[in-house]
Amino acid sequence: MSRVIVITSGKGGVGKTTVSANLALSLAAKGKKVVAVEGDIGLNNLDVVLGVEDKVVYDAGEVAMGKATVMQALVPINDRLSLFPATTGALNIVTADIFVDIIKELKKSFDYVLIDSPAGIEDNFHRAAMGAEEGLLVTTPHIPAVRDGYKTVKVLASYGITKVGLVINRVRGEYVADKMMLSPDEVAKVMQIPLYGILPEDDFVNLYGIADVKNKRSGIGYSYSLLASYVDGSDKKLYDCVSQYGGFIGKFRRWLNI
Amino acid sequence: MKTSSDELVRLQKVILGDSLKIPNGVLEVLKSDIKGVLNSYFELKEESLKPEIEIDEEGLYHIKISAICTAVKKVKAL
Ligand SMILES: Nc1ncnc2c1ncn2[C@@H]1O[C@H](COP(=O)(O)OP(=O)(O)O)[C@@H](O)[C@H]1O
Ligand SMILES: [Mg+2]
């Protein structure tokens, strides 16, 4: 059965596009057929993060005008992952109704349709939410982001989207260990939605947008793999951002800065 | 230094504050009361009176009232 998940947040800049791209890659690596949809129409950058901005032939606007089919607009990323690009033209061409039809069409060919959406308080959110069945709420462990995230959960519910998982991004394990930053559990308790994933702060992601899965010392690749397993239900393990910084060995490692 | 437990308390307060809606009716009654008071001093412009109530991170209510008047009434002092 195919699933349509909107990836959203209360505030912009917390990592929706990054999570959309990397979760899509991780689900595909697990053998799922995935399409990442640029739902943040107008402010497109999913194509850039996935490195295919120059491979877009037809965009959502041309599909809306009937100049291309949904399948023609797909940009292949790898064997199992494709991108459905945003419109580069006039925004109002892709109405919510047309967007819903596009999603329905994509559902026929993919296990996962991930919609990278604008923040819940923005205008274009309506269109992205209309097409979705489930949600992933991305937040950082900071008060303003959590606060608006909480509101967005209510907005999602008003669209009938009640199956919503929480993803906490840019967690600094050392600060959580030192009790200087809200822990993922604390954030989840306040938000009152189930915690699906914990993603650490990572310099490579900051620079390149994509997690370096080959680097075993960086927890980010593993954390995304765990998130993908959580989403597809094969494993319910959460990434442990703290233990490497706790105890004597952790303190010693931090002192050595490794 | 900031601690996560302080942060948690602040977070819980803002979320509580966001969900603590002031009943619609209260704002309307407040508006007509304030209008009554201001009307005896100013010629208020129609529909210009706007009371706003917000809750801050400490859980305190901030009440702001703004209005536009076209003239000041002559108030007789005794
Ligand atoms: N785990 C992370 N570690 C470091 N930087 C990150 C992480 N996740 C996202 N970022 C960075 O944060 C910025 C905003 O992310 P983005 O996905 O564009 O947010 P949004 O789509 O919510 O506006 C980007 O520069 C991105 O590289
Ligand atoms: Mg984005």
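Residues numbered from 1 in each chain as written. Chains lettered and ligands numbered in written order. Predicted model: local features only at pLDDT ≥ 70, side-chain atom pairs only at ≥ 80, totals over all residues. Heavy atoms only, no water.

A. Structural context of the interface of chain A and chain B. Opposite the eleven residues of chain A that make contact, chain B presents 13 residues. Here chain A meets chain B over a buried area of about 1,300 Å², counting both sides, of which 69% is carbon and sulfur. The largest share of the area that chain A buries against chain B comes from Ile143, Arg147 and Met180 of chain A, three residues that together contribute 46% of it. At the boundary of chain A with chain B, the tally comes to zero salt bridges. One can count one residue pair in polar contact (both at pLDDT 80 or more) joining chain A with chain B. For the side of chain A that touches chain B, the elements supplying multiple residues, two or more each, are helix H7 (143-158) and helix H9 (184-191) of chain A. With five residues, the top contributor of residues to the side of chain A that touches chain B is H7 of chain A. For the side of chain A that touches chain B, the per-class residue count stands at seven nonpolar, no polar and four charged. (Contact = heavy atoms within 4.5 Å. Buried area = accessible area lost by both parts, 1.4 Å probe. Salt bridge = Lys/Arg side-chain N within 4 Å of Asp/Glu carboxyl O. Polar contact = N/O pair within 3.5 Å; in protein donor to acceptor, adjacent residues only side chain to side chain. Helix = DSSP H or I, 4+ residues; strand = E, 2+ residues; numbered from the N terminus. Nonpolar A, V, L, I, M, F, W, Y, C, P; charged D, E, K, R; others polar.)

B. Fine view of the confidence of the model for chain B. Residues of chain B with pLDDT of at least 70 account for 81%, and the chain-wide mean is 80. For this predicted complex, the interface confidence reaches an ipTM of 0.75, while the overall pTM sits at 0.82. (pLDDT = per-residue confidence, 0-100.)

C. View of the layout of surface pockets. Computed from the structure, the second largest pocket encloses a volume of approximately 490 Å³. In the lining of the second largest pocket, the residues fall into eleven nonpolar, ten polar and seven charged. (1 Å grid on protein atoms, 1.4 Å probe; cavity = no way out; pocket = protein on both sides within 12 Å on 5 of 7 lines; lining within 4 Å. Points joined across faces, edges and corners; volume = space filled by probe spheres on them.)

D. Inspection of H7 of chain A at higher detail. Residue and element names in this part refer to chain A. Here H7 spans 23 Å end to end across 16 residues, near enough to the 22 Å set by a 1.5 Å rise per residue. Restricting attention to buried positions, one finds in H7 the residues Ile143, Ala145, Val146, Asp148, Gly149, Tyr150, Thr152, Val153 and Leu156. Gly160 occupies a position one or two residues after H7 and carries a positive phi of about 80°. (Expected span 1.5 Å × (residues − 1). Buried < 20%, exposed > 50% of the residue type's maximum accessible area, 1.4 Å probe, protein only.)

E. Looking closely at the nonpolar core. All names here are of chain A. Counting 53 residues, the largest nonpolar core has Val37, Phe84, Leu106, Ile115, Leu166 and Met191 as its most contacted members. Per element, the largest residue contribution to this core is five residues, and it comes from H7. When near neighbours in sequence (up to four residues on either side) are disregarded, Leu106 contacts Val35, Val37, Val70, Leu74, Phe84 and Val113. (Core = buried A, V, L, I, M, F, W, Y, C linked by side-chain atoms within 4.5 Å.)

F. Structural detail: the pattern of salt bridges. Residues and elements named next belong to chain A. Applying the stated criterion to the full structure yields nine salt bridges over all chains. Taking the shortest distance from any N to any O, the salt bridge between Glu201 and Arg170 comes out at 2.9 Å. Residue Glu201 is found in the loop between strand S8 (195-200) and helix H10 (203-208), and its partner Arg170 is found in strand S7 (residues 164-171); the two are separated by 31 residues along the sequence. Residue Glu201 is classed as partly exposed on the basis of its relative accessible area of 26%. When the shortest N-O distance is used, the salt bridge between Arg172 and Glu174 registers 3.1 Å. Judged by relative accessible area, Arg172 falls into the partly exposed class, the value being 30%. Connected through salt bridges with shared partners, the residues Arg3, Glu134 and Lys163 form a single ionic network.

G. Seen up close, the sheet that holds strand S2 (residues 34-38) of chain A. All names here are of chain A. Pairing within the open sheet is mixed, and its eight strands lie in the order S3-S4-S2-S5-S1-S6-S7-S8. Looking at the sheet topology across the chains shown, the edges are occupied by strand S3 (75-76) and S8. In this sheet, strand S5 (residues 112-116) lies alongside S2 in parallel orientation, the contact comprising five bridges. Across the sheet, Glu38 pairs through a bridge with Asp116, a residue of S5. Of the strands in this sheet, strand S1 (3-8), S2, strand S4 (81-84) and S5 touch helix H5 (residues 96-107), which is tilted by about 150° from S5. (Pairing = 2+ DSSP bridges. Axes fitted to C-alpha atoms, helices over the stretch in contact; angles between N-to-C directions.)

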